[in-house]
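Spelled out, the chains give:
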Amino acid sequence: MTLRHSMDGVAFGRMIVSASAAIELKKQKINELNVFPVPDGDTGTNMSMTLAAAAQDLKKRSPDSLTKAADMTASALLRGARGNSGVILSLLFRGFSKSLKGKLEASGKDFADALTAGVEAAYKAVMKPAEGTILTVARMASAAAVEYAKKGDDIEDLLDTAIRIGKEALDNTVNQNPVLQKAGVVDAGGMGYIVIFSAMLACLRGEVTAPTAAVQAGVIANENNAFDMFGTDEITYAFDTVYIVRKHEPNVDLTPLRAYLSSIGDCLVIGEDDEAFKVHVHTNIPGEALTK
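Described in the following lines is the structure provided in the data block. Please read all numbers here as calculations on a predicted model, not as lab measurements.

## Description of empty space enclosed by the protein
Considering all chains together, one arrives at three cavities of 30 Å³ or more under this definition. Taken together, Leu92, Phe93, Phe96, Leu115, Gly118, Val119, Tyr193 and Phe197 form the lining of the largest cavity. When contributions to the lining of the largest cavity are tallied by element, the ones reaching two or more residues are helix H4 (83-99), helix H5 (108-125) and helix H9 (188-205). For the lining of the largest cavity, a count of residues per class yields seven nonpolar, one polar and no charged.

## Here we look at the packing of helix H2 (residues 43-61) against helix H3 (residues 66-80)
At a minimum axis separation of 8 Å, H2 and H3 run at an interaxial angle of 140 degrees. Taken together, the axes of H2 and H3 lie oblique to each other. As H2 runs across H3, the sense of the crossing is right-handed. Residue-level contacts link Met49, Thr50, Leu51, Ala53, Ala54, Asp57, Leu58 and Arg61 of H2 to Ala69, Met72, Thr73, Ala76, Leu77 and Gly80 of H3. For the contact of H2 with H3, the per-class residue count stands at nine nonpolar, three polar and two charged.

## Some thoughts on the nonpolar core
Buried together is how nonpolar side chains tend to be arranged in soluble globular proteins. Counting residues in each nonpolar core, the largest one holds 70 residues, and the members touching the most others are Phe12, Phe93, Tyr193, Ile196 and Phe197. Considering every element that reaches this core, the biggest residue donor is H9, with 11 residues. Not counting chain neighbours up to four residues away, the residues in contact with Phe12 comprise Met7, Leu66, Ala69, Ala70, Thr73, Phe93, Phe96 and Met200. Membership of the second largest hydrophobic core comes to 12 residues, among which are Tyr243, Leu254, Leu257 and Phe277.

## Some words on the side chain of Lys278
Within the fold, Lys278 resides in strand E5 (residues 276-283). Buried and unpaired, Lys278 has Asp240 as its nearest opposite-charge partner, separated by 11 Å. Looking at Lys278, its side chain comes within polar contact range of the main-chain oxygen of Ala81, at 2.9 Å. Once residues lying within four places of it in the same chain are set aside, the contact partners of Lys278 are Leu78, Arg79, Gly80, Ala81, Val242, Tyr243, Ile244, Val269, Ile270 and Gly271.

## Side note on the sheet that holds strand E4 (residues 265-272)
Strand order in the open sheet formed by three strands is E3-E5-E4, with antiparallel pairing between adjacent strands. Both outer strands of the open sheet, strand E3 (239-246) and E4, are each paired with one neighbouring strand and no more. Across the sheet, the mean angle separating the axes of adjacent strands is 15 degrees when strand polarity is ignored. With eight bridges connecting them, E3 and E5 associate as antiparallel partners.

## Considerations on the environment of Ser20
Turning to its location among the elements, Ser20 is positioned in helix H1 (residues 9-31). Sequence-distant contacts of Ser20, that is, excluding residues within four places in its chain, are made with Leu51, Ala52 and Ala55.

## So, the pattern of salt bridges
Pairing between side chains becomes possible if they bear opposite charge and their charged atoms approach one another. This model, assessed by the stated rule, comprises 12 salt bridges. For Glu156, the salt bridge is made with Arg205, and the minimal N-O distance between the two is 3.7 Å. On the criterion of sequence distance, the pair formed by Glu156 in helix H7 (residues 155-176) and Arg205 in helix H9 is long-range, its members being 49 residues apart. On the accessibility criterion, Glu156 (6% relative accessible area) is buried. The partly exposed category is assigned to Arg205, whose relative accessible area is 30%. Ionic contacts of the salt-bridge type, sharing partners, join the residues Arg79, Asp273 and Glu275 into one network.

## Concerning the pairing of E4
Judged from the six bridges that link them, E4 and E5 form a sheet pairing that is antiparallel. What sits directly across from Ile270, in E5, is Val279. Between the antiparallel neighbours E4 and E5 lie three residues.

Analysis parameters
Residues numbered from 1 in each chain as written. Predicted model: local features only at pLDDT ≥ 70, side-chain atom pairs only at ≥ 80, totals over all residues. Heavy atoms only, no water. 1 Å grid on protein atoms, 1.4 Å probe; cavity = no way out; pocket = protein on both sides within 12 Å on 5 of 7 lines; lining within 4 Å. Points joined across faces, edges and corners; volume = space filled by probe spheres on them. Helix = DSSP H or I, 4+ residues; strand = E, 2+ residues; numbered from the N terminus. Nonpolar A, V, L, I, M, F, W, Y, C, P; charged D, E, K, R; others polar. Axes fitted to C-alpha atoms, helices over the stretch in contact; angles between N-to-C directions. Parallel < 35°, antiparallel > 145°, perpendicular 65-115°, else oblique. Left-handed = near helix turned anticlockwise from the far one by under 90°. Contact = heavy atoms within 4.5 Å. Core = buried A, V, L, I, M, F, W, Y, C linked by side-chain atoms within 4.5 Å. Buried < 20%, exposed > 50% of the residue type's maximum accessible area, 1.4 Å probe, protein only. Lys, Arg positive; Asp, Glu negative; His and termini not counted. Salt bridge = Lys/Arg side-chain N within 4 Å of Asp/Glu carboxyl O. Polar contact = N/O pair within 3.5 Å; in protein donor to acceptor, adjacent residues only side chain to side chain. Pairing = 2+ DSSP bridges.

Structure below.
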């Protein structure tokens, strides 16, 4: 079998559309795993709605340039991001987009570099990164891609390697996070990450039926009613607050806002591009988070 050595804008656009379809199919399974950072069961829905925003744009405009396709995806994900997992997903693809800037095609090494840039962008934006989450899975997958790129440049094999190591990292999340260990489940966001990139690889290979059955990683759905283990009294902050603000200048300093939001809540993530920034925070005073 001849492996693909590169990816162009058309291929990337199709991969994102395929990933959107796959996460939509798997969203309830992912929701059932969602007990961290709070047991609200919406990670699959949030990731699906976030990715759907990019898929809709790509279907309407069909960019042929890789740079345009990656930029369009990142921009749509930022504006469509829902919840903690959606904002983190937008950050992963924002870094991805920056790394591919100016490229007509991406080689295996380019793809590995883009995965790494996405992880770096996400870690910088999350105020208190925790192990055993989507960040861990993405970091381990990107590291595996970088290692593969040192000896080979087949983008299909590289992505396959990254997914395989990512699945191993996903299976281990249940041992890394006390909340996941208590519930006996793997991380919901990490599962979403594997669903997305498995579908992207299946599309690249032309396996059109693969997105519906690409993911078997993860110990477990919530067969033991894991949500019953967590009472509402364990939720410190009641409101999942998400909003987007248009920037009045590209390099506006968000440090004071980050400090303030950290003082009134948790699970803070801020994603941004040159035109806007998007905030996700759990707080008991959402009106003040917005007013600030």
